[in-house]
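A look at the structure
Listed here are the chains, written in short residue letters.
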Amino acid sequence: QVQVVESGGGLVQAGGSLRLSCTASGLTFDDYAMGWFRQAPGKEREGVSCITWGGGMTYYRDSVKGRFTISRDNAKKTLYLQMNSLKHEDTAMYYCATARGRWCRSEGDQADFGYWGQGTKVTVSS
């Protein structure tokens, strides 16, 4: 049984930083690309970032480029999202997901992802 669990969310002031983590069990972690998504209140879920199976390629949505960094530790079966210079508009529930294959097509198309976590809430106060 595959389990995906996010952690690290919280309340932070604008300009601050947070680091999200995601563990995935029940699958061969390094066989899959991984992604971060977010859903703000009243909005649709959107792709934030994707990283290929070996970590060699990363993708970001334009609004987070230069501020967010995705990374993974395959030995620990853990995915990370370092978020710096946070803005109020980054406030959302953040979700981790496993891709259906090794590669990313972009920062994240939900159809390409199979297993999802329950999310971790990020609130950025302005």
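It should be noted that the structure appears before, not after, this text.
Here the structure is a predicted model, which means the values were calculated and not measured.

**A few points about the pattern of salt bridges**
A full pass over the atoms with the stated rule returns eight salt bridges. With a closest N to O distance of 3.0 Å, Asp31 and Arg102 form a salt bridge. Pair noted here: Asp31 is in the loop between β3 (18–25) and β4 (34–39) and Arg102 is in the loop between β9 (92–99) and β10 (113–116), with a separation of 71 residues, a long-range link. Of the residues examined, Arg102 reaches a relative accessible area of 33% and is grouped as partly exposed. Ionic pairing is found between Arg61 and Glu46, a salt bridge with its closest N-O pair at 3.5 Å. Within this pair, whereas Arg61 is found in the loop between β6 (58–60) and β7 (68–73), its partner Glu46 is found in strand β5 (residues 46–51), the two being separated by 15 residues in sequence. Look at the salt bridges and you will find they share partners, linking Arg38, Glu46, Arg61, Arg67 and Asp90 into a network.

**Examining the packing of aromatic side chains**
Counting across every chain of the model gives three aromatic pairs. A ring pair is formed by Phe37 and Phe113, whose centres lie 4.9 Å apart and whose planes are at 80 degrees; its orientation type is edge-to-face. Placement of the pair is Phe37 in strand β4 and Phe113 in strand β10, with a sequence separation of 76 residues. Residue class for Phe37 comes out buried when judged on its relative accessible area of 0%. Relative to Trp116, the ring of Phe37 has its centre 4.7 Å away and its plane inclined at 55 degrees; by these criteria the two rings are tilted. Of the two residues, Phe37 is situated in strand β4 and Trp116 in strand β10; the sequence distance between them amounts to 79 residues. When its relative accessible area of 23% is taken as the criterion, Trp116 is described as partly exposed. Aromatic rings pair up to connect Phe37, Phe113 and Trp116 into one cluster.

**Concerning the side chain of Ser49**
Inspection of the secondary structure assignment puts Ser49 in strand β5. Of the residues examined, Ser49 reaches a relative accessible area of 0% and is grouped as buried. With residues up to four places along the chain from it excluded, the contact list for Ser49 reads Met34, Gly35, Trp36, Tyr59, Tyr60, Ile70, Leu81 and Glu107.

**Considerations on the state of the cysteines**
Summed over all chains, the structure comprises two disulfides. Across a sulfur-sulfur distance of 2.0 Å, Cys22 and Cys96 are joined as a disulfide pair. Taking the sign of the torsion about the S-S bond as the criterion, the disulfide between Cys22 and Cys96, at about -70 degrees, is left-handed. With a gap of 74 residues between them, Cys22 in strand β3 and Cys96 in strand β9 connect regions that are remote in the sequence. You can call Cys22 buried: its relative accessible area is 0%. You can call Cys96 buried: its relative accessible area is 0%. Here Cys50 connects covalently by a disulfide to Cys104, the sulfurs 2.0 Å from one another. Across the S-S bond of Cys50 and Cys104 the torsion is about -80 degrees, and the bridge reads as left-handed. Placement of the pair is Cys50 in strand β5 and Cys104 in the loop between β9 and β10, with a sequence separation of 54 residues. Since its relative accessible area comes to 1%, Cys50 is described here as buried.

About the cut-offs
- Residues numbered from 1 in each chain as written.
- Predicted model: local features only at pLDDT ≥ 70, side-chain atom pairs only at ≥ 80, totals over all residues.
- Heavy atoms only, no water.
- Salt bridge = Lys/Arg side-chain N within 4 Å of Asp/Glu carboxyl O.
- Helix = DSSP H or I, 4+ residues; strand = E, 2+ residues; numbered from the N terminus.
- Buried < 20%, exposed > 50% of the residue type's maximum accessible area, 1.4 Å probe, protein only.
- Phe/Tyr/Trp six-rings, centres within 6.5 Å; stacked < 30°, edge-to-face > 60°.
- Contact = heavy atoms within 4.5 Å.
- Disulfide = S-S within 2.5 Å.

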